[in-house]
Amino acid sequence: MDARGRKGAPELIVNMIAWLADPAHWRGPEGVPAQMLLHLYYCVLSVGVAVVIAVPLGLYIGHTGRGGVFVVGVSNAMRALPTLGLVTALVMFLGLGVVPALAGLVILAVPAVLSGTHAGVRSVPTEAVDAARGMGMTPWQRLWQVELPNALPLLIGGVRSAMLQVVATAAVAAYVGLGGLGRILLGGLAVGEYDQMAVAALLIALLAVFLDGVLAALSRWVVPRGLVLANTATHDGS
Amino acid sequence: MIEELLKFFGSPSNREMVLDALAEHTYLSLVPLLLGFLVALPIGRLAQRVYWLRGMLLGAANVFYTIPSLALYVLIPGLFGWPLLSSNNVVIALTIYTAALLVRPTLDALESVPGHVTAAATAMGYRTGRSFLTVELPLAVPAIASGVRVASVSSISLVSLGALIGTGGLGKLFTDGFQRWYPAQVLIGIVLTVLLALVVDLLLVGLWRLITPWTRAGGRVLPS
Amino acid sequence: MIEFQSVHKQYGNGTVAVQDLSLTVEAGTITVLVGPSGCGKTTLMRMVNRMIDPSSGSVLLDGTDIRERDPARLRRGIGYVIQQAGLFPHRTVLDNVATVPRLFGNSRRDARRRAAELLERVGLPNDLGKRYPVQLSGGQQQRVGVARALAADPPVLLMDEPFSAVDPVVRADLQDELLRLQDELGKTVLFVTHDIDEAIKLGDRVAVLRQGGYLAQYAAPDDLLAEPADDFVTSFVGRDRGYRRLSFLDSQGVCPEQADTIRIGDTSADVPSRAGWVLALDHERRPRGWLLPDATVDGQLTENQLLAGGSLYTEGTSLRGALDAALSAPSGLGVVVDADGAYVGVVTARHVLDLIESRRRSVTTEGAVP
């Protein structure tokens with residue numbers, strides 16, 4: 001099949017199923033399962049590093065109220081950085097490897113996590129923080145017992161949005177010689193095999209939906225029940 | 001580095017390529033922004049007015065938001081039988097993305113208009129459509145605006161991703177520069193993408209300021 | 001004239017907001033709907049401009065069933081003022097007031113000219129028109145709300161707890177302003193409040209509603225205080241209704257006596273020799289305070305040697321003020337002043353009570369039912 005034109009949806013679906021049914025596409029280090037796991041690994045690792053960087057920073061500026069304007073400004077500017085350009089540039093300056101590729105994905109993930117954390121801490125009702133102070137909590141106790149739990153819904157929202165962006169963009173890793181679903185996609189492009197590209201695109205989409213679902217479940221599990229109730233109450237009331 | 005830049009821009013064909021890429025990038029990011037906003041507005045309004053549809057519409061928006069644009073760039077041509085490199089693919093994919101992103105902020109913004117204000121409009125004899133266009137929508141603008149700004153930055157950055165499969169825009173400077181191992185070209189592409197995002201953002205902020213003079217009145221009561 | 005003809009409102013969830021209620025609001029008067037929350041007063045009011053349609057029964061405006069009118073057009077002809085004023089935050093004060101004239105299709109210039117007149121009429125300075133609502137105090141916003149409701153010169157004005165979000169001093173000002181405007185304009189006003197004092201102060205007629213949307217009593221405020229229809233109304237109008245009712249007794253028969261007076265700046269030689277309370281006046285004969293019996297004055301009399309006076313009773317107003325003046329003065333002598341605030345004389349509580357007693361006797365002997 002060439003990559004320039006097709007007849008439409010039914011034929012596409014038939015061809016995609018045919019591609020998936022071929023056992024050769026499921027075996028070995030180039031097969032679908034291996035590349036999917038690799039894709040997943042890149043995503044979780046990049047978002048994990050972004051969380052380690054951005055959550056403490058977001059908690060700090062949210063808690064102290066210092067440097068907020070600056071950090072939010074920088075993180076908004078970071079959103080504008082094109083990941084493909086960033087990754088190719090990093091590879092050109094640092095050489096091929098996992099680090100430059102993943103650095104690009106981390107930079108992609110940081111703004112969302114940072115602004116989610118910051119907004120989360122800022123959304124904590126001032127009365128609750130005042131009460132915590134009035135009860136004699138130390139700044140650390142205030143952060144751990146009051147601000148962080150109350151910030152969780154928006155914080156996890158930030159992580160979810162970072163994960164979506166990273167899953168969607170992790171295909172660039174394959175462009176600079178690494179693996180992942182991008183490899184299947186670009187491999188299809190290289191040999192003019194559109195069905196293979198379409199399958200890879202579909203798998204990326206499914207992975208995105210799956211990871212978003214996992215994080216949504218996580219959010220339900222860790223967000224304090226009182227907050228969930230308070231949110232639904234205000235939404236019903238409006 | 002500076003020498004390299006001068007050399008790069010010294011070539012008329014390079015200059016032309018960069019300008020073409022910039023123009024195409026602007027088109028591919030701003031048209032979906034406008035279309036996505038125009039799609040999200042009625043959906044947000046519908047979700048606000050028809051309570052039982054709300055959950056369904058928000059759920060659908062969330063699903064569409066979850067689907068990566070790159071996947072859509074690849075799948076849309078197959079579904080519609082278009083060429084893989086048609087710019088329509090990018091426009092449609094990013095329109096879906098922008099609309100999905102903006103439904104929730106639009107709904108929240110409309111919901112945040114104080115009830116006593118809309119009640120007053122009704123009591124003074126505004127019909128629903130006029131109340132929406134002249135009272136509710138203007139008051140919702142500041143809250144929708146922040147959503148539109150996020151969408152504009154995201155789509156400008158997402159257009160470049162299309163270069164992976166060969167679509168146009170500043171992303172071409174990355175793939176082309178990478179293949180020719182020409183770092184200056186990649187850096188120029190990055191700088192121009194960021195500048196484009198910045199300029200569009202400033203224009204949007206300027207536009208909001210122009211159409212919402214009351215938000216700058218300040219919350220303090222002036223002495224009479 | 002507004003007529004509610006056995007209107008009934010039941011919501012989808014079974015809650016009854018208004019229970020088969022009939023009521024006639026006379027043209028050119030202020031009628032107050034008062035009651036605790038959940039008594040259906042706002043629901044009843046919103047039926048007039050079709051913000052809520054009754055489940056059964058009908059509402060007539062000047063004899064026409066309002067269901068025959070297009071809601072939007074009907075509403076443009078009815079002024080509406082609500083608690084938070086409901087001003088449009090995105091329009092200047094002037095454009096807020098010009099809203100309804102614009103809806104009627106007037107040119108922007110005419111609408112604004114009309115709006116400027118109205119701002120003046122409700123006692124707001126002209127340059128306020130260029131501001132946005134956030135730049136006004138709560139009291140000013142309410143005045144703008146009233147101006148906006150009056151802008152199209154509607155014969156009917158609906159006011160839904162318009163003054164309950166402002167502080168008591170401003171509220172009293174706004175109430176006086178409304179009464180003054182009503183003297184000039186003679187609108188048919190339907191006013192909703194939960195504050196019985198406000199109802200009694202403003203209403204020509206007061207309808208007391210109780211939970212579940214029942215009309216407990218519909219009467220003039222004086223009659224409401226004199227003869228509450230049932231236990232609910234009795235407890236709702238409050239404990240001191242006998243005292244409050246004095247607001248409706250005129251001043252006929254009040255005859256002030258003269259007290260000993262002294263001027264600020266006089267010396268001890270001028271203090272009258274009698275051992276009684278002495279009232280100090282300023283140079284425009286306005287009362288400033290009292291001097292204790294047998295008090296001595298060091299040098300010239302200054303204000304800080306005086307005991308603060310009680311409330312002042314302005315000649316010609318209701319007996320409530322006269323009694324209050326007597327009860328609140330340290331000397332037991334209520335100071336009577338004229339419209340300019342100048343001293344006229346004093347009255348005792350005994351004198352006012354005798355007057356009340358004699359009126360009651362004359363009513364009883366004439367056999368009239370109060």
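Where an unreviewed UniProt entry is consulted, chain C appears under the name ABC-type quaternary amine transporter, with the organism given as Halosaccharopolyspora lacisalsi. Of the comments in the UniProt record for chain C, the one headed Sequence similarities (unreviewed entry) reads "Belongs to the ABC transporter superfamily."

Engineer: Hey, could you run me through the overall build of chain A in this one?
Structural biologist: Secondary structure assignment for chain A yields eleven helices and zero strands. Ordered by position from N to C terminus, the α and β elements of chain A give α-α-α-α-α-α-α-α-α-α-α. Projected onto its principal axes, the C-alpha positions of chain A cover 70 × 45 × 30 Å. Within chain A, the fraction of its 238 residues that count as buried is 47%. In chain A, the share of contacts with a sequence separation of at least 24, taken over all contacts with a separation of at least 6, comes to 74%. Both charge centroids of chain A, one from 13 positive and one from 11 negative side chains, sit 7 Å from each other.

Engineer: How should I be thinking about empty space enclosed by the protein in this particular structure?
Structural biologist: Gaps left between atoms are located by rolling a probe of water-molecule size over the structure's atoms. Scanning the model with the defined rule gives five cavities of 30 Å³ or more in all. Here the largest cavity is characterised by a volume of approximately 260 Å³. Looking at the largest cavity, it is lined by 18 residues, and the ones nearest its centre are Leu108(A), Gln165(A), Thr169(A), Tyr97(B) and Leu158(B). Every element with two or more residues in the lining of the largest cavity is listed here: helix 7 (139–169) of chain A together with helix 3 (51–66) and helix 7 (128–161) of chain B. For the lining of the largest cavity, the element with the most residues is helix 7 of chain B, which contributes five residues. Classifying every residue of the lining of the largest cavity by side-chain character gives ten nonpolar, seven polar and one charged.

Engineer: What is the right way to look at the packing of aromatic side chains in this model?
Structural biologist: Any aromatic ring pair is given by two values, namely how distant the centres are and how the planes are angled relative to each other. Residues and elements named next belong to chain B. Counted by the stated rule, this structure contains eleven aromatic pairs over all chains. Judged by centre distance (5.4 Å) and plane angle (90°), the ring pair of Phe8 and Phe9 falls under edge-to-face. Classification of Phe8 by relative accessible area gives buried; the value is 0%. Its relative accessible area of 35% is what places Phe9 among the partly exposed residues.

Engineer: Mind showing me how you'd approach the domain arrangement of chain C here?
Structural biologist: Accessible area lost on assembly of the parts is the figure often given for the size of an interface. Segmentation of chain C into domains returns domain 1 (2–245) and domain 2 (260–355). Using C-alpha coordinates to define each centre, domain 1 of chain C is positioned 41 Å away from domain 2 of chain C.

Engineer: Help me understand the interface of chain A and chain B, please; the structure alone is not making it clear to me.
Structural biologist: Listed per partner, the contact involves 47 residues of chain A and 41 residues of chain B. It is Leu84(A), Met92(A) and Tyr175(A) that lose the most area in chain A upon contact with chain B, and together they represent 18% of the buried surface on that side. Our count for the chain A to chain B interface comes out at zero salt bridges. The greatest single-element share of the side of chain A that touches chain B, amounting to ten residues, is contributed by helix 10 (residues 194–222) of chain A.

Engineer: Looking at this structure, how should I read the sheet that holds strand 2 (residues 16–25) of chain C?
Structural biologist: The pairing of strands in a sheet happens through backbone hydrogen bonds and is either parallel or antiparallel. Residues and elements named next belong to chain C. Overall, antiparallel pairing links the four strands, which are arranged 2-1-4-5 in an open sheet. Of all the strands in the sheet, just strand 2 and strand 5 (64–65) have a single pairing partner and so form its edges. Pairing of strand 4 (residues 56–61) with strand 5 involves two bridges; the strand directions are antiparallel. Its bridge partner lying in strand 5, Leu60 is registered against Asp65.

Engineer: I tried to follow the sheet that holds strand 3 (residues 30–34) of chain C on my own but got confused; where do I start?
Structural biologist: Residue and element names in this part refer to chain C. Pairing is mixed in the open sheet, where six strands are placed in the order 6-7-8-3-9-10. Unpaired on one side and paired on the other, strand 6 (78–82) and strand 10 (214–219) mark the two borders of the sheet. In this sheet, adjacent strand axes meet at a mean angle of 15° when their direction is disregarded. Pairing of strand 6 with strand 7 (residues 156–160), which is carried by five bridges, proceeds in the parallel orientation. Bridging from a neighbouring strand, Ile82 pairs with Asp160 of strand 7.

Engineer: What is the right way to read the confidence of the model for chain C from this model?
Structural biologist: Parts of the model with low pLDDT should not have their predicted coordinates read in detail. Mean pLDDT over chain C stands at 88; residues scoring 70 or higher make up 96%. Of all the helices and strands in chain C, helix 13 (residues 349–366) of chain C carries the lowest mean pLDDT, 80, while strand 3 of chain C carries the highest, 96.

Engineer: Just checking my understanding: could you explain the pattern of salt bridges for this structure?
Structural biologist: Side chains that carry opposite charge are capable of pairing whenever their charged atoms lie near each other. Within the structure shown, the criterion is met by 28 salt bridges over all chains. Between Glu111(B) and Arg54(B) there is a salt bridge, with the nearest N and O atoms lying 3.4 Å from each other. Placement of Glu111(B) in helix 5 (residues 87–111) and of Arg54(B) in helix 3 is noted, with a sequence separation of 57 residues between them. Under the relative-accessibility criterion, Arg54(B) is labelled buried at 12%. Note that Lys41(C) is salt-bridged to Glu161(C), the shortest N-O span being 3.9 Å. With Lys41(C) in helix 1 (residues 41–46) and Glu161(C) in the loop between strand 7 and helix 7 (168–185), this pair connects stretches of sequence that are 120 residues apart. Residue classification places Glu161(C) among the buried residues on the basis of a relative accessible area of 11%. Through salt bridges with shared partners, one network takes in Arg121(C), Arg143(C), Glu177(C), Arg180(C) and Glu184(C).

Engineer: Please clarify how the arrangement of the chains should be interpreted in this entry.
Structural biologist: Taking contact number as the criterion, the leading pair out of two pairs of chains in contact is chains A and B. Without any contact between them, chain A and chain C keep their closest C-alpha atoms 16 Å apart.

Engineer: Would you mind showing me how to read the packing of helix 6 (residues 115–123) of chain B against helix 7 of chain B here?
Structural biologist: Packed helix pairs are specified by the crossing angle of their axes together with the interaxial distance, meaning the distance between the axes. All names here are of chain B. At a closest axis distance of 11 Å, the pairing of helix 6 and helix 7 adopts a crossing angle of 165°. Relative to helix 7, the element helix 6 is oriented roughly antiparallel. Every pair of crossing elements has a handedness; the one defined by helix 6 and helix 7 is right-handed. Contacts between helix 6 and helix 7 pair Val117, Thr118 and Ala121 from the former with Ser131, Val135, Glu136 and Leu139 from the latter. Class assignment of the residues belonging to the contact of helix 6 with helix 7 gives a composition of four nonpolar, two polar and one charged.

Engineer: Whenever I open this one, the interface of chain B and chain C confuses me. Can you help?
Structural biologist: Listed per partner, the contact involves 26 residues of chain B and 31 residues of chain C. Carbon and sulfur atoms supply 62% of the area buried between chain B and chain C, which totals about 2500 Å² over both sides. In this structure, the salt-bridge partner of Arg127(B) is Asp70(C), at a minimum N-O distance of 3.0 Å. For the pair chain B and chain C, the interface holds five residue pairs in polar contact (both at pLDDT 80 or more).

Quick notes on the rules
- Counting of residues starts from 1 at the beginning of each chain's written sequence and follows it residue by residue.
- Here the convention is simple: chains get letters from A, ligands get numbers from 1, in the order in which they are written.
- It should be noted that, the model being predicted, local features are given only for residues of pLDDT at least 70 and side-chain atom pairs only at 80 or more, the latter also being counted only at that level, while totals for whole chains, interfaces and linings use all residues.
- Remark: hydrogens and water are excluded; side-chain values derive from all non-hydrogen atoms of the structure.
- UniProt positions are given in the numbering used here, feature names are shortened, and annotations may be inferred rather than shown by experiment.
- Each helix is a run of H or I in the DSSP string that is no shorter than four residues. Each strand is a run of E no shorter than two, and both are numbered from the N terminus.
- Only protein chains enter the accessibility calculation, which uses a 1.4 Å probe. A residue is then buried if its area is under 20% of the maximum for its type, exposed if over 50%, and partly exposed in between.
- Contacts between residues were defined by any pair of non-hydrogen atoms, one from each residue, lying within 4.5 Å.
- Counted as positive: Lys and Arg. Counted as negative: Asp and Glu. His and the chain ends are not counted at all.
- Charge positions are represented by NZ for Lys, CZ for Arg, CG for Asp and CD for Glu.
- Cavity and pocket criteria rest on a 1 Å grid covering protein atoms alone: a 1.4 Å probe that fits but cannot get out defines a cavity, protein on both sides within 12 Å along at least 5 of 7 lines defines an open pocket, and an atom within 4 Å of a point defines a lining residue.
- Grid points are joined across faces, edges and corners, and a volume is the space filled by probe spheres set on the points.
- Throughout this entry, Asp, Glu, Lys and Arg are counted as charged residues, while Ala, Val, Leu, Ile, Met, Phe, Trp, Tyr, Cys and Pro are counted as nonpolar. The remaining residues, Gly among them, count as polar.
- Classification of ring pairs rests on two measures: the distance between centres of Phe, Tyr or Trp rings, Trp counted by its six-membered ring, which must be within 6.5 Å, and the angle between planes, read as stacked under 30 degrees, edge-to-face over 60 and tilted in between.
- Just so you know, the domain bounds were taken from an automatic or database domain assignment.
- Buried area is a sum: the accessible area each of two parts loses on coming together, probed at 1.4 Å, counted once for each and added.
- Salt bridges, as used here, are contacts in which a Lys or Arg side-chain nitrogen is within 4 Å of a carboxyl oxygen on Asp or Glu.
- By the convention used here, strands pair only if DSSP detects at least 2 bridges between them.
- All axes here are fitted lines through C-alpha atoms, helices being fitted over the stretch that makes contact, and every angle between N-to-C directions spans 0 to 180 degrees.
- Looking at any residue, its pLDDT shows the predictor's confidence there, from 0 to 100.
- Should an angle fall under 35 degrees it is taken as roughly parallel, and over 145 as roughly antiparallel, whereas 65 to 115 is taken as roughly perpendicular and any remaining angle as oblique.
- Should the near helix be turned counterclockwise from the far one by less than a right angle, the crossing is left-handed, whereas a clockwise turn marks it as right-handed.
- We call two N or O atoms a polar contact when they sit within 3.5 Å, provided that within protein one can donate a hydrogen and the other can accept it, with sequence-adjacent residues counted only if both atoms are side-chain atoms.

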